[in-house]
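Listed below are the residues making up each chain.
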Amino acid sequence: MITKPSLNVAVVGATGLVGETILSILHTREFPVGELYPLASSNSAGDTVLFGNKNYEVLEVDGFDFASVDLAFFSAGSEVSAKYAPIASAAGCVVIDNTAQFRQDAEVPLVIPEINPEAIADYKKCNIIANPNCSTIIMLMALYPLYKSVGINEINVATYQSVSGTGRAAISELVEQLGLLLNGRPVNTEVYPRQIALNVLPQVDDLLEDGSSKEELKMLQETHKILQDPNIKVNTTAVRVPVIYGHSEAITINTSKPLTASAAIEVLQQSPGIEVMAQHEDYPTALELGVESDTILVGRIRNTAADNQLQLWVVGDNVRKGAALNSVQIAELLCK
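Residues numbered from 1 in each chain as written. Predicted model: local features only at pLDDT ≥ 70, side-chain atom pairs only at ≥ 80, totals over all residues. Heavy atoms only, no water.

With that settled, the discussion passes to the overall build of the chain. Summing up its helical and strand segments, the chain has seven helices and 14 strands in all. C-alpha extents for the chain along the principal axes are approximately 60 × 55 × 40 Å. Looking at the 336 residues of the chain, the share that counts as buried comes to 53%. Considering only contacts in the chain between residues 6 or more positions apart, those separated by 24 or more positions represent 67%. Within the structure as shown, the chain displays about 15200 Å² of accessible surface, and the carbon and sulfur contribution to it stands at 47%. Averaged over its 22 positive side-chain charges, the chain has a centre that lies 3 Å from the centre of its 39 negative ones. (Helix = DSSP H or I, 4+ residues; strand = E, 2+ residues; numbered from the N terminus. Buried < 20%, exposed > 50% of the residue type's maximum accessible area, 1.4 Å probe, protein only. Contact = heavy atoms within 4.5 Å. Areas by Shrake-Rupley, 256 points an atom, 1.4 Å probe, with all protein chains shown as cover. Lys, Arg positive; Asp, Glu negative; His and termini not counted. Charge placed at Lys NZ, Arg CZ, Asp CG, Glu CD.)

Right under this line is the structure:
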């Protein structure tokens, strides 16, 4: 583990939504940053980002000497991670990667600190730790306490994913389309294959030959790896919705042992990082996340007519706990 009193830190993709949020969380959680190096592509080099009360110039990642930093957060896309994360790790820098590039690599731990913190120890194999997909994190934060309590045989989940999961360009496209539609004008689609404003798209990431999407496959594979349980069936329909921040998930689980809704509520109320909205007419939405919410919200907890089956409605901030906060929590564990 890292034992220095302060760490030199690089943030690759510092001008993106996740990168900026990582910087904010590092500051508010008083992470022991020594020297900070915001990095990005040549398009953003020379821009500035805020860390605490100080502006830092963004440096170009190409040619950066990763031997000068102890820890690097990567959130600039899989292609960037594929090219530069091995360079950083070979230079002795520990990489925490927010992309899908290394999640299924057998030598790279895939970590949610509240669930499998012990897996972090495996980072020494290649100096890289992978951050799971945001939808996987939100789902497993709610399900893991129940999995520990009674076991889960099958997960059926439909995700309702905000456009911030695609980045700033997607937010701009949604806002622009809404403005054009409200003025009776035709819209353009560039980020998504179809209009996202006033619409829902049953496609998140590329579609595969079997009809599923890459996002749906990620949730299956990552659940198996994080829980170390390949026997859990995971059936996912991933949907993009015209919401700016916050992913929502409708989840039905088949448990190994009987579990009443009231017992599930009690288990979840005792679990870190979770807020349960248990009142009959109360339930979470993306708006209830508020600003800078680090908590996963769970409501609509109920049994079905089937034996050993439970339904939940789960909401989380995809940019924070689904990406930036989870990465910083991993870094904090490395320090401890």
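What follows picks up the thread again.
With a phi angle near 50°, Arg300 is a residue other than glycine that sits in the positive phi range. Take Arg300: it is sitting in strand β13 (residues 296–303). What makes Arg300 partly exposed here is its relative accessible area of 41%. Although it is not a glycine, Asn308 sits at a positive phi angle of roughly 55°. Assignment of secondary structure puts Asn308 in the loop between β13 and β14 (309–316).

Quick look at helix α4 (residues 168–182) now. For an α-helix the count is 3.6 residues per turn, leaving residues at separations of three or four pointing the same way. Between the first and last C-alpha of α4 there are 21 Å, a value that for 15 residues agrees with the 21 Å anticipated at 1.5 Å per step. Taken together, the buried positions of α4 are Ala170, Ile171, Glu173, Leu174, Gln177 and Leu180. The elements touched by buried residues of α4 are α1 (17–28). Gly184 sits one or two positions beyond α4 and adopts a positive phi of about 70°. (Expected span 1.5 Å × (residues − 1).)

So, on to the packing of aromatic side chains. The tally for this structure, following the rule as stated, stands at six aromatic pairs. Between the aromatic rings of Phe51 and Tyr56, the centroid separation amounts to 6.2 Å while the plane-to-plane angle is 70°, which identifies the pairing as edge-to-face. When the ring of Phe66 is compared with that of Phe74, the centres are 5.9 Å apart and the planes differ by 25°; the resulting orientation is stacked. Grouping residues by exposure puts Phe66 and Phe74 together as buried. (Phe/Tyr/Trp six-rings, centres within 6.5 Å; stacked < 30°, edge-to-face > 60°.)

Residues Val175, Ile244 and Tyr245 make up a contiguous nonpolar surface patch of about 250 Å² in total accessible area. Here Val175 shows up in helix α4. (Patch = residues over 30% accessible without salt bridge, like charges linked within 9 Å, V, L, I, M, F, W, Y side chains within 5 Å. Salt bridge = Lys/Arg side-chain N within 4 Å of Asp/Glu carboxyl O.)

Attention now goes to the sheet that holds β13. As summarised here, the arrangement of the six strands in space is β10-β9-β11-β14-β13-β12, forming an open sheet in which the pairing is mixed. A strand with exactly one partner marks an edge of an open sheet, and here the two such strands are β10 (233–240) and β12 (274–277). On average, each strand axis in the sheet is inclined to that of its neighbour by 20°, with strand direction left out of account. In this structure, β13 lies alongside β14, joined through five bridges in antiparallel fashion. Note on β14: the bridge partner recorded for Asn303 is Leu310. The sheet contacts of helix α6 (residues 261–269) involve β12, β13 and β14, and relative to β13 the element is tilted by about 165°. (Pairing = 2+ DSSP bridges. Axes fitted to C-alpha atoms, helices over the stretch in contact; angles between N-to-C directions.)

A few words now on the pattern of salt bridges. In this structure the tally under the stated criterion is eight salt bridges. For the salt bridge of Glu222 with Arg103, the shortest nitrogen-to-oxygen distance reads 3.3 Å. One end of the pair, Glu222, is in helix α5 (residues 214–227); the other, Arg103, is in the loop between β7 (94–97) and β8 (128–130), and 119 residues separate them in sequence. Since its relative accessible area comes to 1%, Glu222 is described here as buried. For Glu215, the salt bridge identified is with Lys218, shortest N-O distance 3.7 Å.

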